[in-house]
Amino acid sequence: MTESKGRLQEFEALRGLSIVLLLALHSEVFDPGIFGKGTGPLAGLVASFLLGSFFFLAGYFTEFSIQKNTSLFSFVKSKVIRIFPPYWIALLLFVYGIGYSLRRFDFAIYALNLQAIFSPVFIKPLLTLWYISMLVVFYIIFCIILFSIKSNWGVLIASVISFLIAYLLNFNIGLFDPRFFQYYFIFLIGVYFCRFNEMREKLFSLNVTYKILLAIITAFLMWQVESFPLTNFLYIVIADVFILSWILLWLGIFRAQMGSWKIWAFLSTASFFAYLYHRPLWHFLNQILGMEAGLQKVFFNLSVGAILALLIGYFLQRGYDKLLVMFRLK
């Protein structure tokens with residue numbers, strides 16, 4: 001296996017693990033009413049890790065694309081084509097299928113994928129789809145930085161300045177979803193993780209015992225600050241270290257034989273469309289079967305619902321890729 005394929009293997013597996021955790025989280029299996037109060041804080045830890053993994057991977061593959069001499073126009077075109085049409089369908093399903101109510105002019109902001117800038121002060125937050133908007137905002141910010149600045153220190157300085165400007169806008173007028181600040185540097189570190197090959201290998205070569213201890217310690221610290229405001233600097237630092245320690249642990253695990261399991265490729269391929277459409281799918285299935293809130297609904301969504309979401313997501317992604325090739329958009 002080449003180094004490139006090896007790297008793709010572990011990142012593919014991390015994405016697969018993250019979508020499984022997301023489906024479990026959204027099934028509400030971590031709700032305190034299911035297995036007791038002890039699972040309540042666990043939901044926050046799982047959410048931070050899985051979402052952090054998605055943003056980390058997005059940062060990594062953004063830099064990976066740039067290193068292949070991708071032009072700014074090609075990069076933007078690729079992201080718009082891959083993200084927006086499936087997202088618009090999901091948006092319609094959330095609003096007109098599930099029945100999420102919006103204020104009069106909110107829909108335009110959602111259609112442009114900018115709710116991460118204006119939510120929750122100026123527009124109503126839209127469940128689940130906020131992540132796609134946050135991803136688009138990160139792409140905008142970091143593509144401007146990465147395509148205009150080449151030095152590592154220059155990228156870091158520009159990124160810190162952008163973060164501080166966003167932080168001041170949030171503090172003074174309420175712009176930017178507070179979750180923006182938790183995941184901002186996770187995306188950036190994904191970029192650097194791709195850039196620094198030697199440092200990446202040194203991190204991977206750390207003794208697994210140290211990685212496990214770090215993961216446990218940071219989970220405990222994260223548990224202690226979970227009630228802090230998302231814009232609190234201590235919370236941001238601890239949350240980011242927690243996310244990164246668990247990402248490093250799992251990437252190391254997936255570098256071994258476990259990462260070569262074929263299931264990860266399937267899950268990774270299914271992840272984007274499964275993320276977009278699992279809530280509308282579950283909503284329609286629950287309505288058809290007349291399921292009320294409770295254990296039966298939770299375990300149905302976690303089992304049958306999750307499997308269907310992944311199968312549909314996989315075939316939709318494969319079909320969409322073929323469609324893009326057919327129209328020479330890929």
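Residues numbered from 1 in each chain as written. Predicted model: local features only at pLDDT ≥ 70, side-chain atom pairs only at ≥ 80, totals over all residues. Heavy atoms only, no water.

Enquirer: Please explain the overall build of the protein chain as it appears in this structure.
Expert: Along its length, the protein chain carries 14 helices and zero strands. Each helix and strand of the protein chain, ordered N terminal to C terminal, gives the series α-α-α-α-α-α-α-α-α-α-α-α-α-α. In terms of overall dimensions, the protein chain has C-alpha extents of about 55 × 50 × 45 Å along its principal axes. Here the protein chain holds 330 residues, and 49% of them are scored as buried. In the protein chain, 75% of the contacts between residues at least 6 apart in sequence involve partners at least 24 apart. A distance of 8 Å separates the average location of the 25 positive side-chain charges in the protein chain from that of its 14 negative side-chain charges. (Helix = DSSP H or I, 4+ residues; strand = E, 2+ residues; numbered from the N terminus. Buried < 20%, exposed > 50% of the residue type's maximum accessible area, 1.4 Å probe, protein only. Contact = heavy atoms within 4.5 Å. Lys, Arg positive; Asp, Glu negative; His and termini not counted. Charge placed at Lys NZ, Arg CZ, Asp CG, Glu CD.)

Enquirer: Would you mind showing me how to read helix H13 (residues 262–289) here?
Expert: Side chains of residues three or four places apart in an α-helix project in the same direction, reflecting 3.6 residues per turn. Spanning 28 residues, H13 covers only 33 Å between terminal C-alpha atoms, well under the ideal 40 Å at 1.5 Å per step. Along its length, H13 shows its largest kink, about 50°, at Ala274. One or two positions beyond H13, positive phi appears at Gly290, with a value near 65°. (Expected span 1.5 Å × (residues − 1). Bend = angle between axes of the 7 residues up to and from the residue.)

Enquirer: What should I look at first to understand the packing of aromatic side chains in this one?
Expert: Any pair of aromatic rings gets described here by the distance separating the centres and the angle formed by the planes. This structure, assessed with the given rule, holds 47 aromatic pairs. For Arg179, the ring lying beneath its charged end belongs to Trp130, and the centroid distance is 3.8 Å. Over the aromatic face of Phe193 sits the side chain of Arg200, whose NZ or CZ is 6.0 Å from the ring centroid. (Phe/Tyr/Trp six-rings, centres within 6.5 Å; stacked < 30°, edge-to-face > 60°. Lys NZ or Arg CZ within 6 Å of the ring centre and 35° of its normal.)

Enquirer: What is the right way to look at the packing of helix H7 (residues 130–148) against helix H9 (residues 179–195) in this model?
Expert: Angle between the axes and distance between the axes: these two values describe a pair of packed helices. Close contact between H7 and H9 brings their axes to 11 Å; oriented N to C, the two are set at 50°. If you check the angle between H7 and H9, you find them oblique. H9 is crossed by H7, and the crossing has right-handed handedness. Packed against H7, whose contacting residues are Trp130, Met134, Leu135, Val137, Phe138, Tyr139, Ile141, Phe142 and Leu146, the element H9 presents Arg179, Phe180, Tyr183, Tyr184, Phe187, Leu188, Val191 and Arg195 at the interface. Its residues placed into classes, the contact of H7 with H9 shows 15 nonpolar, no polar and two charged. (Axes fitted to C-alpha atoms, helices over the stretch in contact; angles between N-to-C directions. Parallel < 35°, antiparallel > 145°, perpendicular 65-115°, else oblique. Left-handed = near helix turned anticlockwise from the far one by under 90°. Nonpolar A, V, L, I, M, F, W, Y, C, P; charged D, E, K, R; others polar.)

Enquirer: Mind showing me how you'd approach the pattern of salt bridges here?
Expert: Where side chains of opposite charge bring their charged atoms close, a pairing between them can arise. Within this structure, the stated rule accounts for six salt bridges. Between Glu198 and Lys202 there is a salt bridge; the shortest N-O distance is 3.8 Å. Residue Glu198 and its partner Lys202 are both found in helix H10 (residues 197–204); the two are separated by four residues, about one turn of the helix. What you see here is one network of salt bridges that share partners, running through Glu10, Glu201 and Arg255. (Salt bridge = Lys/Arg side-chain N within 4 Å of Asp/Glu carboxyl O.)

Enquirer: Would you take a moment to explain the environment of Asn301 for this structure?
Expert: Considering the arrangement of structural elements, one finds Asn301 in helix H14 (residues 295–326). With a relative accessible area of 4%, Asn301 lands in the buried category. Taking the C-alpha atoms as reference, Asn301 lies 28 Å from Gln9; in sequence the two are 292 residues apart. With sequence-adjacent residues up to four places away left out, Asn301 is seen in contact with Ser27, Trp282, Asn286 and Ala306. Polar side-chain contacts of Asn301 include one of 3.3 Å to the side chain of Asn286. (Polar contact = N/O pair within 3.5 Å; in protein donor to acceptor, adjacent residues only side chain to side chain.)

Enquirer: Looking at this structure, I do not really get the layout of surface pockets. What am I missing?
Expert: Computed from the structure, the largest pocket encloses a volume of approximately 1100 Å³. Lining the largest pocket are 31 residues; nearest its centre among them are Arg15, Phe61, Lys79, Arg82 and Ser268. Where the lining of the largest pocket is concerned, the elements lending two or more residues are helix H1 (3–26), helix H3 (40–67), helix H4 (72–98), H7, H13 and H14. Among the elements that take part in the lining of the largest pocket, H3 stands out by supplying seven residues, more than any other. Residues belonging to the lining of the largest pocket are distributed by class as follows: 16 nonpolar, nine polar and six charged. In this model, the second largest pocket occupies a volume close to 380 Å³. (1 Å grid on protein atoms, 1.4 Å probe; cavity = no way out; pocket = protein on both sides within 12 Å on 5 of 7 lines; lining within 4 Å. Points joined across faces, edges and corners; volume = space filled by probe spheres on them.)

Enquirer: What should I look at first to understand the confidence of the model for the protein chain in this one?
Expert: A low pLDDT score tells you not to read the predicted coordinates there in detail. Here the protein chain averages 92 in pLDDT, and 95% of its residues register 70 or above. The low-confidence segment residues 1–6 (pLDDT under 50) makes four contacts with residues lying over four places distant or belonging to another chain. (pLDDT = per-residue confidence, 0-100.)

Enquirer: Hey, could you run me through H9 in this one?
Expert: Taking 1.5 Å of rise per residue, the 17 residues of H9 would be expected to cover 24 Å, and the 25 Å separating its terminal C-alpha atoms lies within 8% of that figure. Most of H9 sits inside the fold, with 15 of its 17 residues counted as buried.

Enquirer: What is the right way to look at the side chain of Gln182 in this model?
Expert: Looking at the element boundaries, Gln182 is found in helix H9. On the accessibility criterion, Gln182 (2% relative accessible area) is buried. A distance of 3.4 Å separates the side chain of Gln182 from the side chain of Tyr235, its partner in a polar contact. Excluding residues that lie within four positions of it along the chain, Gln182 makes contacts with Ser48, Met222, Leu230, Tyr235, Ala239, Asp240 and Ile243.

Enquirer: Would you mind going over the side chain of Ser65 with me for this structure?
Expert: Position of Ser65 relative to the elements: it lies in helix H3. The class for Ser65 is buried, based on a relative accessible area of 18%. In this view, Ser65 contacts Thr70 and Phe75; residues no more than four positions away in its chain are not counted.

Enquirer: When you look at the nonpolar core in this model, what are you seeing that I'm missing?
Expert: One broad rule of soluble globular proteins: the nonpolar side chains tend to lie buried together. If you look at the biggest cluster of nonpolar residues, it comprises 111 residues, and the most contacted ones within it are Phe55, Tyr131, Phe138 and Phe180. Contacts of Phe138, omitting those with residues within four sequence positions, involve Phe55, Cys143, Phe180, Tyr183, Tyr184 and Phe187. (Core = buried A, V, L, I, M, F, W, Y, C linked by side-chain atoms within 4.5 Å.)

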